[in-house]
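Residues per chain, in single letters:
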Amino acid sequence: MSVPIITIDGPVSSGKGTVAREVAVKLGWHLLDSGALYRVLGFHAERIGVSLDDESALIELAKSLPVRFVEKGGDTLVILDGDDVSDTIRNEQVGELASKVAVFQPVRDALLGRQQAFAQSPGLVADGRDMGTVVFTAAPLKIFLTASAEERARRRYNQLKDKGFGATLAALIEDIRNRDERDMNRDVAPLRPADDALVVDSTALSVVEVVDRILDEAQQRSLLSV
Ligand code: DC
């Protein structure tokens, strides 16, 4: 039997990273954080002096990216050229680098096989923007996780506050609306639910409720071995 896959796509700050990790831990399945791959690529390009406009150099870099994902407990360490960059790649600046390299279709193509290689027994939870629409089109359970812009901004605001960064809620709502607009209207891999995706609006749901909803759905579709 082929490896069962649950894809979780959605807009920025929809909580998909947290939900995907929880689902993977609960099921004991592998986790693909595809955003981390784009982040590592942007970070590595900048570190070694490759211009983010140089498409052909980025394609070569994407093909040979010296990155390893090491699963450790419920966490995944991101090892680039022997350095643990798990935390470094999480900041906003690296997010910007990632969004720039992600617009080149051949760069995305170069990362495709690397992402698909995560589909290993006993199963995979894949988190990103195009997991259900491009990378794992045959996945038996596709989730599109969303929430209102206001709620996503509020979550982001709390995250930033916890880390000691200042921000205003109004500015974050504006920022999220702009990013949605950009993500959904870009020519390359625009963010949209797969035709066969289940759209889950988490505006009024807790992480636990969303995770339970996904696990129920996986159960109903007989994805979980007993
Ligand atoms: O989910 P994230 O914030 O870590 O993603 C970082 C960037 O990479 C974001 O700008 C969108 C892009 N990305 C993408 O284009 N396709 C994916 N499958 C995952 C992320």
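K.L.:
What's the story with the side chain of Glu-217 in this structure? I'm lost.
P.N.:
With respect to the secondary-structure elements, Glu-217 resides in helix α9 (residues 207-220). On the basis of relative accessible area, Glu-217 is assigned to the buried category, the value being 12%. Excluding anything up to four places from it in sequence, Glu-217 contacts Leu-141 and Leu-198.

K.L.:
Got a minute to help me understand the pattern of salt bridges in this structure?
P.N.:
This structure, assessed with the given rule, holds 13 salt bridges. Glu-60 is the partner of Lys-63 in a salt bridge, and the nearest nitrogen-oxygen pair spans 3.6 Å. Taken as a pair, Lys-63 and Glu-60 lie in helix α3 (residues 55-64) at a separation of 3 residues, close to a single helical turn. Take Lys-63: its relative accessible area is 53%, and that puts it in the exposed class. A residue is classified by how much of its surface remains accessible, and Glu-60, at 48% relative accessible area, is partly exposed. In this structure, the salt-bridge partner of Arg-213 is Glu-217, at a minimum N-O distance of 4.0 Å. Here Arg-213 and its partner Glu-217 are both found in helix α9, 4 residues apart, which amounts to about one turn of the helix. Given a relative accessible area of 36%, Arg-213 falls into the partly exposed group. Bridged by salt links that share partners, the residues Glu-151, Arg-154 and Arg-155 form one connected network.

K.L.:
Honestly, the pairing of strand β1 (residues 5-9) in this entry has me stumped. Any pointers?
P.N.:
Put simply, side chains in a regular strand alternate between the two faces of the sheet. Across the 5 residues that make up β1, a large majority, 5, are buried. Side chains Ile-5, Thr-7 and Asp-9 of β1 all project onto a buried face; the interleaved residues Ile-6 and Ile-8 project onto the opposite face, where all are buried too. Relative to strand β6 (residues 124-128), β1 is paired through 5 bridges, and the arrangement is parallel. What sits directly across from Thr-7, in β6, is Ala-126.

K.L.:
Would you mind going over helix α4 (residues 92-101) with me for this structure?
P.N.:
In an α-helix there are 3.6 residues to a turn, and that puts residues three or four apart on one side. Among all positions in α4, only Val-94, Gly-95, Leu-97, Ala-98 and Val-101 are buried. What you see down the axis of α4 is that its buried residues fit within an arc of 160 degrees, all on one side. Considering only its buried residues, α4 is in contact with α2 (34-47), α3 and α5 (105-116). Its side-chain oxygen at 3.1 Å from the backbone nitrogen of Gln-93, Asn-91 defines the N-terminal cap of α4.

K.L.:
Would you mind showing me how to read the site of the ligand here?
P.N.:
Surrounding the ligand, one finds 14 residues, the nearest of these being Ser-34, Arg-39, Arg-108, Arg-129 and Asp-130. Here an oxygen atom of the ligand and a side-chain polar atom of Arg-39 are 2.7 Å apart. The separation between an oxygen atom of the ligand and a polar side-chain atom of Arg-186 is 3.2 Å. Looking at the shell around the ligand, the elements with two or more residues in it are α2 and α4. With 4 residues, α2 is the largest single contributor of residues to the shell around the ligand. The class makeup of the residues in the shell around the ligand is 4 nonpolar, 4 polar and 6 charged.

K.L.:
Would you explain the sheet that holds strand β4 (residues 75-80) in this entry?
P.N.:
What links the strands of a sheet is backbone hydrogen bonding, and the strands pair in either a parallel or an antiparallel sense. Strand order in the open sheet made by the 3 strands is β3-β4-β5, with antiparallel pairing throughout. Both outer strands of the open sheet, β3 (67-72) and β5 (83-84), are each paired with one neighbouring strand and no more. Looking at chain direction, β4 and β5 are connected through 2 bridges and run antiparallel. The residue of β5 that forms the bridge with Leu-80 is Asp-83. Contacts from α2 reach β3, β4 and β5 within the one sheet, and its direction differs from that of β4 by about 25 degrees.

Thresholds applied
Within any chain, residue numbers begin from 1 and follow the written order of that chain's sequence. Since the coordinates come from a predicted model, pLDDT governs what is reported: local features require at least 70, and pairs of side-chain atoms require 80 or more to be given and counted, while whole-chain, interface and lining totals use all residues. With hydrogens and water set aside, each side-chain value is computed from the structure's full complement of heavy atoms. We count a stretch as a helix when DSSP gives it H or I for four or more residues in a row; a strand needs E for two or more, and each element gets its number in order from the N terminus. Only protein chains enter the accessibility calculation, which uses a 1.4 Å probe. A residue is then buried if its area is under 20% of the maximum for its type, exposed if over 50%, and partly exposed in between. The contact rule is simple, with two residues in contact once any of their heavy atoms fall within 4.5 Å. Each reported salt bridge corresponds to a side-chain nitrogen of Lys or Arg within 4 Å of a carboxyl oxygen of Asp or Glu. Two strands pair under a simple rule: DSSP has to find at least two bridges between them. What the arc describes is the spread of directions from the helix axis to the C-beta atoms. For the purposes of these results, a polar contact is taken to be a pair of N or O atoms within 3.5 Å, where, inside protein, one atom must be able to donate a hydrogen and its partner to accept one; residues adjacent in sequence count only when each atom of the pair is a side-chain atom. Note on terminology: near, applied to a residue and a molecule or strand, indicates that one of the residue's heavy atoms is within 4 Å of it. Each residue is assigned to one class: nonpolar for Ala, Val, Leu, Ile, Met, Phe, Trp, Tyr, Cys and Pro, charged for Asp, Glu, Lys and Arg, and polar for all the others, Gly among them. Interaxial angles span 0 to 180 degrees and are taken between N-to-C directions of axes, which are lines fitted to C-alpha atoms, for helices over the stretch in contact.

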